[in-house]
Amino acid sequence: AASALSELRRSGAALDLAAFLLTTPNEISAALDADPKPWAKSPRKLARRAMDKADGKLRLWGEKLGALSDDERHELRKALKTVRYGAELFGQAFEPEAARVFCKSARKLQKGFGALNDAASAALLPMPEPAHAAATAEAMEWCEAQLPSERAATDALWERYLKTPAFWRPPA
């Protein structure tokens, strides 16, 4: 298995697969009409396009960060997952250290949004048997009390993410 993975990396097939997974069916159709194998010419170009698209969607959600509902914040987290997983897949085609730093920032941010989603979801849990109601209420109060500090920490992680260089973009 290790030698097969190594061969995938050497051949660029992993980049082809990652690009395909991050591309919509309409984009694939249009690309194939224009050029039957566009990714073979420039996997880095395709990786840049896919990462710019995913990162752009994430940043659109981020512009409204303070006003997002719990459901919208969950959508932001899903967009962040797309960016992070794309970065982990495409990172091999760029400077490894820059990709590692970017992925670390995205991973921490994803964890922060996960904590916020967990706290928000706690309020939606069904109430337990009366014998456990007091303990459940105490746990829910604790989750609610954590929200301001979790939001502040996640806001700081967001600001750090915005300052983390996008490894797939050429230096200005």
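To start, this report covers the structure provided alongside it. (Residues numbered from 1 in each chain as written. Predicted model: local features only at pLDDT ≥ 70, side-chain atom pairs only at ≥ 80, totals over all residues. Heavy atoms only, no water.)

Some details on the overall build of the protein
Right, so step 1: Of the regular secondary structure elements, the protein holds eight helices and zero strands.
Right, so step 2: Reading the protein from its N end, one meets helices and strands in the order α-α-α-α-α-α-α-α.
Right, so step 3: Burial status across the protein gives 33% buried among its 172 residues.
Right, so step 4: For the protein, the proportion of contacts with a sequence separation of at least 24, taken over those separated by at least 6, is 75%.
Right, so step 5: When the accessible area of the protein is evaluated, it comes to approximately 10800 Å², of which 60% is carbon and sulfur surface. (Helix = DSSP H or I, 4+ residues; strand = E, 2+ residues; numbered from the N terminus. Buried < 20%, exposed > 50% of the residue type's maximum accessible area, 1.4 Å probe, protein only. Contact = heavy atoms within 4.5 Å. Areas by Shrake-Rupley, 256 points an atom, 1.4 Å probe, with all protein chains shown as cover.)

Section: the environment of Pro165
Right, so step 1: By secondary structure assignment, the location of Pro165 is in the segment after helix H8 (133-163).
Right, so step 2: Using a relative accessible area of 60% as the deciding quantity, one classes Pro165 as exposed.
Right, so step 3: Spatially, the C-alpha atom of Pro165 lies 8.6 Å from that of Val101, the residues being 64 residues apart in sequence.

Thoughts on the side chain of Asp55
Right, so step 1: With respect to the helices and strands, the residue Asp55 is situated in helix H5 (residues 43-62).
Right, so step 2: Taking relative accessible area as the criterion, Asp55 reaches 1% and is therefore assigned buried.
Right, so step 3: Engagement of the side chain of Asp55 in a polar contact is seen with the side chain of Arg59, the distance being 2.6 Å. (Polar contact = N/O pair within 3.5 Å; in protein donor to acceptor, adjacent residues only side chain to side chain.)

Remarks on H5
Right, so step 1: Here H5 is 20 residues long and its end C-alpha atoms lie 28 Å apart, about the 28 Å a rise of 1.5 Å per residue gives.
Right, so step 2: Of the residues making up H5, those classed as buried are Leu46, Ala47, Ala50, Met51, Ala54, Asp55, Leu58, Trp61 and Gly62. For H5, the angular spread of the buried residues around the axis is 155 degrees, confining them to a single face. Exposed and facing more than 90 degrees away from the buried side of H5 are Lys45 and Leu60. (Expected span 1.5 Å × (residues − 1). Arc of directions from axis to C-beta.)

Some thoughts on the packing of aromatic side chains
Both the distance between ring centres and the angle between the ring planes are used here to describe each pair of aromatic rings.
Right, so step 1: The full count for this structure, using the stated rule, is six aromatic pairs.
Right, so step 2: Each ring, one from Phe94 and one from Phe167, has its centre 5.6 Å from the other, and the planes form 70 degrees; the classification is edge-to-face. With Phe94 in the loop between helix H6 (70-90) and helix H7 (96-122) and Phe167 in the segment after H8, this pair connects stretches of sequence that are 73 residues apart.
Right, so step 3: A residue is classified by how much of its surface remains accessible, and Phe94, at 6% relative accessible area, is buried.
Right, so step 4: Relative to Tyr161, the ring of Trp158 has its centre 5.6 Å away and its plane inclined at 25 degrees; by these criteria the two rings are stacked. Taken together, the residues span about one helical turn, with Trp158 and Tyr161 both in helix H8 at a distance of three residues.
Right, so step 5: Taken together through their ring pairs, the aromatic side chains of Phe94, Phe102, Trp158, Tyr161, Phe167 and Trp168 make up a single cluster. (Phe/Tyr/Trp six-rings, centres within 6.5 Å; stacked < 30°, edge-to-face > 60°.)

Considerations on the environment of Pro126
Right, so step 1: Tracing the backbone shows Pro126 in the loop between H7 and H8.
Right, so step 2: Placed ten residues apart in sequence, Pro126 and Thr136 show a C-alpha to C-alpha distance of 9.9 Å.

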